[in-house]
Amino acid sequence: MLVIHIQLYSILREKLPEEAKGRADLQFELGSTLTDLLGELGISRRVVISMNDEHETDRTRELQDGDEIKIFSSISGG
Amino acid sequence: MSHGYNGKILHVDLTEGHLSVEEPDEAFFRKYMGGSAMAMYYLLNDMAPGVDPLGPENVLVLALSVLTGTAVSGQSRMTAAAKSPLTGGIGDSQGGGFFPAEMKFAGFDAIVIKGKAEKPVYLWINEGEYELRDASHLWGKITGEAEAALKEELDDNKIEVLQIGPAGEKMVRFAGIFSMSNRANGRTGMGAVMGSKNLKAVVVRGKKRPSVADKARVNQLARWGSSNLADSDIAGLAKYGTAETTGSNQTSGTLPAYNFNSGVFDGWEAIDGTTMYDTILKGAAEGKQDREGRDTCYACTVRCKRVAEIKEGKYKVDPHYGGPEYETTSTFGNYNAIDDLAAIAKANELCNKYGMDSISCGATISWAYEAFNEGKLTLEDTDGLDLTWGNADSMVKLTEKIAKREGFGDVLAEGSARAAEKIGRGTEEYLITFKGQEAPAHMPRVKRSLAVIYATNPFGADHQSSEHDPAIEGDFEFYTDRMAVLGFTEEQETRSLSDEKIRFAMASQHMYSTMDSLNLCQFVYGPAWQLYGPDDMVELVRAVTGWERVNFEELQIVGERRLNMMRMFNAREGIDRKADVVPDKLFKPLKGGVSEGWKLDRDEVEAALDKYFEFCGWDVETGIPTAEKLEELDLGWVVAE
Ligand code: SF4
């Protein structure tokens, strides 16, 4: 098992209980990917992901123990 | 029978004090549809080239569309257009709120204003009746006070007031026109034009709802929007405001910081939409901000507007003046490396009280910050204000000084391009202006189609004139159906300036240009992430007007027509491709974060501009629409000028 730390912003925070303020530590099987994480959280719309302070666009990227992941819902213009 | 519009244009000659009504036929409304395209028709016809933008010969048009005032989201917007005192070319800006719908209910589709009143006046339109009234007692008042005085004077709380603040009166070159004391037709200095005419306000009241061809279909569209909002891509924008985008821009290296020297800002989280929601929105302390801290435009289900309230501390903020958008948290915040949300909300309040565009204001201040940090400006120049990056107090003070044209503020009130010319000392190198207008908070070094659009846009840098690159890059898979309507079926590489990308920039620009002529909100309608897509827009036009043969191609031509009229307006002023320039700064590499080292390439940009002009059907050498193109767009009368 591995543990990752997530922080969700704006409307995505509502995927977690309100008092969590978008923050959670989640457990995943070894070999799990960003797609698994998004599936677990029930996120199917367009998001922008920061993984350990890097912009990560590859959804097949494997999660590593201790990863810090920020997920943003966002419009792309405006 | 005509539907959607009143068929009435009010012409106001302020010099003569003469008002008259023109009643164009249906073909006119079908051809221009309203808003910006309609405004261009009057500007090209009623104004001679070469006039002083701040002189009586300039013409100011306030225009609605055939959709304004119908009960569906995203339609209560208005165009303000005139020759711009900021750029010297065409000026154009869009604003929302409740004024546009109310002006429609009061009986008019547009107001065309010429001349200059001898002393301050306001225009009062009430149920189709109109008159000019003395505004001497309102001159000098901030927006909230003038609005309250007018409500008392006219003894009606339901009037809608469109006005300039003291900055417009003093002709700050980026002064805007405001309604509700917090909704702005912000860009290109339209407030300065209104001020130069001694016109303090336009006040409207009316109850006549526009007729609609097929009410059931309009209602169906409205219901669809309300029930799909929560699952749409703008759900976050609705609840957390436009500043929800701060974090994703930080992540992708597109958050302009340190006056566009960097695409990342360490302090971003203190000023983003989520923090704003949790802290300074009205009602946040009691958890009631969802109800009290959000506001809307007439009939819009989205409610994206912010209402900030700060009762304690150094910067108290009055909720009457709304709250900052992403552009404002950026230009006052990350542009200047400032992470003090209260100070930013204060600067936003000052812009709305005094009536200034917060984009040009914050960006002009950012130019001064860089000049100061590079040693090109000293405390002597800045009236003793320390403009070290991150200094929030100086930013707030400077905002007020600009509004009042006091000391160094008077220099900056001319906009950064004129300020740099006046100061010299090599400070031109810090400009991020296109045709003299300061760039909004997006990053052309990463979203490269913006370099082409910003450079060629007739009224300078504008982020709401085209769809940004991500829609045809990594996000493409989410919007394939909508993008296919525009003719795009293949994803393009990130940071590319491929031919297909340039075609996308142009086609989406035409669609945005159409939306500015239909006066539709570009958060609600658009080609990608917006609530409604291109097909919905067509359906709305059909259902409201009854023009069942309208299709997407016809609407795109309305947008293309407007854009071509704007290029022709500029051509008459001697503004051509030579003015389609990307500022030097954007050819220098970004520093820090994910976008470290990214920059534009001069040859690539020039080649992209060639392509763009070719695709537009404009002369590649001059960037001016060809006679054939104008004929094709049924604009032969413009050639004859
Ligand atoms: S989305 Fe926001 S700005 Fe647009 S019409 Fe609705 S409330 Fe107004």
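Cut-offs and rules
Think of each chain on its own: its residues are numbered from 1, step by step along the sequence as written. Here chains are named by letter from A upward and ligands by number from 1 upward, in the order in which they appear as written. Reporting of local features is limited, given that this is a predicted model, to residues whose pLDDT is at least 70; pairs of side-chain atoms are given and counted only at 80 or more, and all residues count toward the totals for whole chains, interfaces and linings. Side-chain calculation: all heavy atoms of the structure are included, whereas hydrogens and water are not. Any two residues having at least one pair of non-hydrogen atoms within 4.5 Å are treated as being in contact. Buried area: the accessible surface (1.4 Å probe) lost by two parts on joining, summed over both. Think of a salt bridge as a Lys or Arg side-chain nitrogen and an Asp or Glu carboxyl oxygen that are within 4 Å of each other. Only DSSP runs of H or I reaching four residues or more are called helices, and only runs of E reaching two or more are called strands; each is numbered from the N terminus. Amino acids are sorted into nonpolar (Ala, Val, Leu, Ile, Met, Phe, Trp, Tyr, Cys and Pro), charged (Asp, Glu, Lys and Arg) and polar (every other residue, Gly among them). Using a grid of 1 Å spacing that covers the protein atoms alone, one calls a set of points a cavity when a 1.4 Å probe fits there but cannot get out, and a pocket when the set is open and has protein on both sides within 12 Å along at least five of seven lines; lining residues are those with an atom within 4 Å of a point. Grid points are joined across faces, edges and corners, and a volume is the space filled by probe spheres set on the points. What fixes the domain bounds is an automatic or database domain assignment.

Caption draft 1: Region of the structure containing the interface of chain A and chain B. Counting residues at the interface gives 20 residues for chain A and 38 residues for chain B. For the pair chain A and chain B, the summed buried area comes to about 2300 Å², and 54% of that belongs to carbon and sulfur atoms. Applying the counting rule to chain A against chain B returns four salt bridges. Between D278(B) and K21(A) there is a salt bridge; the shortest N-O distance is 3.9 Å. Elements supplying a minimum of two residues to the side of chain A that touches chain B: β3 (47–51) and β5 (68–73) of chain A. Split by residue class, the side of chain A that touches chain B holds six nonpolar, nine polar and five charged.

Caption draft 2: Spotlight on the layout of surface pockets. If you add up the space inside the largest pocket, you get close to 950 Å³. Along the walls of the largest pocket sit 50 residues, with R77(B), Q94(B), A184(B), K305(B) and E325(B) positioned nearest its centre. Secondary structure elements with two or more residues in the lining of the largest pocket: β5 (90–95), β11 (183–185), β14 (305–306), α12 (326–333), α13 (341–354) and α14 (358–373) of chain B. Per element, the largest residue contribution to the lining of the largest pocket is four residues, and it comes from β5(B). A breakdown of the residues in the lining of the largest pocket according to their chemical character gives 15 nonpolar, 22 polar and 13 charged. As a volume, the second largest pocket reaches approximately 740 Å³. Of all the secondary-structure elements, those providing two or more residues to the lining of the second largest pocket are α1 (34–41), β3 and β4 (54–55) of chain A together with α9 (245–252) of chain B. Ranked by the residues each element gives to the lining of the second largest pocket, the list is headed by α9(B), at three residues. Grouping the amino acids of the lining of the second largest pocket by side-chain chemistry returns ten nonpolar, twelve polar and ten charged. Split by domain, the residues of the lining of the second largest pocket number at least three in each of domain 2 (242–438) and domain 3 (449–581 + 601–640) of chain B.

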